[in-house]
Amino acid sequence: MKYELLEPKNTIFNLYQIRALKDFGNVKAGQLGGYVENSNNLSQEGFCWLYERSYAKAYSRIVDDAQIFHAIIYGDAYISGNIELHNRCLIGGTRSKVRIGGNAKIYSSKILDNSSVYGNVEIHNSILGGNAKAFGDSKIYNSSIYDYGEVFGKAIIRKNSVIKCEVSGCADISETILDSTKDYITIDGIYFKNVSFTYVFKNQYGVDNWCVRGFTDDKLIISFSSKEMLKYIADVEDKTIAAEFKNAMYICNQVKYAREQNCEFRHNKLNSHITRFN
């Protein structure tokens, strides 16, 4: 055994506090931990640990090397792998199965209602619910994923976005409400592998939204409206790159017009440009 339950139960939470019986991982023998309803909530195997400001109850289960720094875990939640929960997370649901695993890092977020998180995902100040999924290397900031919405690949969701569909690839979505994958496309640059465009056809402000990633650096992210994009192209000295932007704008505008006319736009190089288009 690596920990014990301390008697009596905490009268406020009606849970047992745990105490380590030996050194393991970053935990030292005698160190007080969080609170559990019973020994099934936290595995006696591996390096998993529930720190003092955390609570696990009902049928929830924490296994492997999961580190629960500050969270409430309840319902039938199953936490595995090397995941980390920080800053007042709420995980579970009264009648739902939440699954979190891999190397995910979650901060100040709620993962509820049969949602799943796997891979190298990072989630900050967000809510996943209604069978939502996040996996791959995706990152979610200050947003909500609902109604079977999925975020994966290297997608980035930020700034109060609401996602109710599948978002993947290198899409970078900001201040946007997406109900369908038909609301956005992601276009990769032809000449420069580090350049990618995400074009969102509508958002909650009714403004077309451009995002450009990796123009001179993989970590650089620039957001444009359509008018700003035109001005930016005019200021770009490298004609090859400017042509790339113009070509991307042309494709997006043609696709948008075709959708407005309820018809389909075809382009002989479309498949080499668009990596996510449903």
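To keep things clear, this report deals only with the structure shown in the data block. (Residues numbered from 1 in each chain as written. Predicted model: local features only at pLDDT ≥ 70, side-chain atom pairs only at ≥ 80, totals over all residues. Heavy atoms only, no water.)

## A look at the overall build of the chain
- A tally of helices and strands in the chain yields three helices and 31 strands.
- When burial is assessed residue by residue, the chain has 47% of its 278 residues classed as buried.
- The long-range share in the chain, meaning contacts at least 24 apart out of those at least 6 apart in sequence, stands at 17%.
- As displayed, the chain offers around 14,000 Å² of accessible surface, 47% of which is attributable to carbon and sulfur atoms. (Helix = DSSP H or I, 4+ residues; strand = E, 2+ residues; numbered from the N terminus. Buried < 20%, exposed > 50% of the residue type's maximum accessible area, 1.4 Å probe, protein only. Contact = heavy atoms within 4.5 Å. Areas by Shrake-Rupley, 256 points an atom, 1.4 Å probe, with all protein chains shown as cover.)

## Describing the sheet that holds strand 6 (residues 61-62)
- Pairing within the open sheet is parallel, and its seven strands lie in the order 6-9-12-15-18-21-24. On the outer flanks of this sheet lie strand 6 and strand 24 (166-167), each paired with one strand and no other.
- Summarising the sheet, strand 12 (residues 99-100) and strand 15 (residues 116-117) pair through two bridges and their orientation is parallel. Each bridged residue has a counterpart across the sheet, and for Arg99 the counterpart in strand 15 is Ser116. (Pairing = 2+ DSSP bridges.)

## Focus on the packing of aromatic side chains
- With the rule as written, the count across this model stands at seven aromatic pairs.
- Seen from their ring centres, Phe13 and Tyr55 are 4.7 Å apart, and the 55 degrees between their planes marks the pair as tilted. On the criterion of sequence distance, the pair formed by Phe13 in the loop between strand 1 (3-10) and strand 2 (15-20) and Tyr55 in strand 5 (residues 55-56) is long-range, its members being 42 residues apart.
- Overall, the relative accessible area of 18% leaves Tyr55 in the buried class.
- Here Phe135 and Phe152 contribute two aromatic rings whose centre-to-centre distance is 4.9 Å and whose plane-to-plane angle is 0 degrees, an arrangement assigned as stacked. (Phe/Tyr/Trp six-rings, centres within 6.5 Å; stacked < 30°, edge-to-face > 60°.)

## Quick look at the nonpolar core
- Counting 47 residues, the largest nonpolar core has Ile62, Ile68, Ile73, Ile91, Ile100 and Val167 as the members making the most contacts within it.
- Those residues in contact with Val167, other than ones at most four positions away along the chain, are Glu150, Val151, Phe152, Ala155, Ile157, Ile173, Leu178 and Tyr184.
- The next biggest cluster of nonpolar side chains, apart from the first, holds 18 residues, and it includes Phe197, Val236, Ala242 and Val255. (Core = buried A, V, L, I, M, F, W, Y, C linked by side-chain atoms within 4.5 Å.)

## Here we look at unusual backbone geometry
- Here Glu7 and Pro8 are connected by a cis peptide whose omega angle stands at -5 degrees.
- Structurally, Pro8 can be placed in strand 1.
- Non-glycine residue Asn87 carries a positive phi angle of around 55 degrees.
- Along the polypeptide, Asn87 turns up in the loop between strand 10 (84-86) and strand 11 (89-92).
- Under the relative-accessibility criterion, Asn87 is labelled partly exposed at 41%.
- Even without being glycine, Asn131 reaches a positive phi, approximately 65 degrees.
- As for its position among the elements, Asn131 is in the loop between strand 17 (127-128) and strand 18 (133-134).
- Classification of Asn131 as partly exposed rests on a relative accessible area of 26%.

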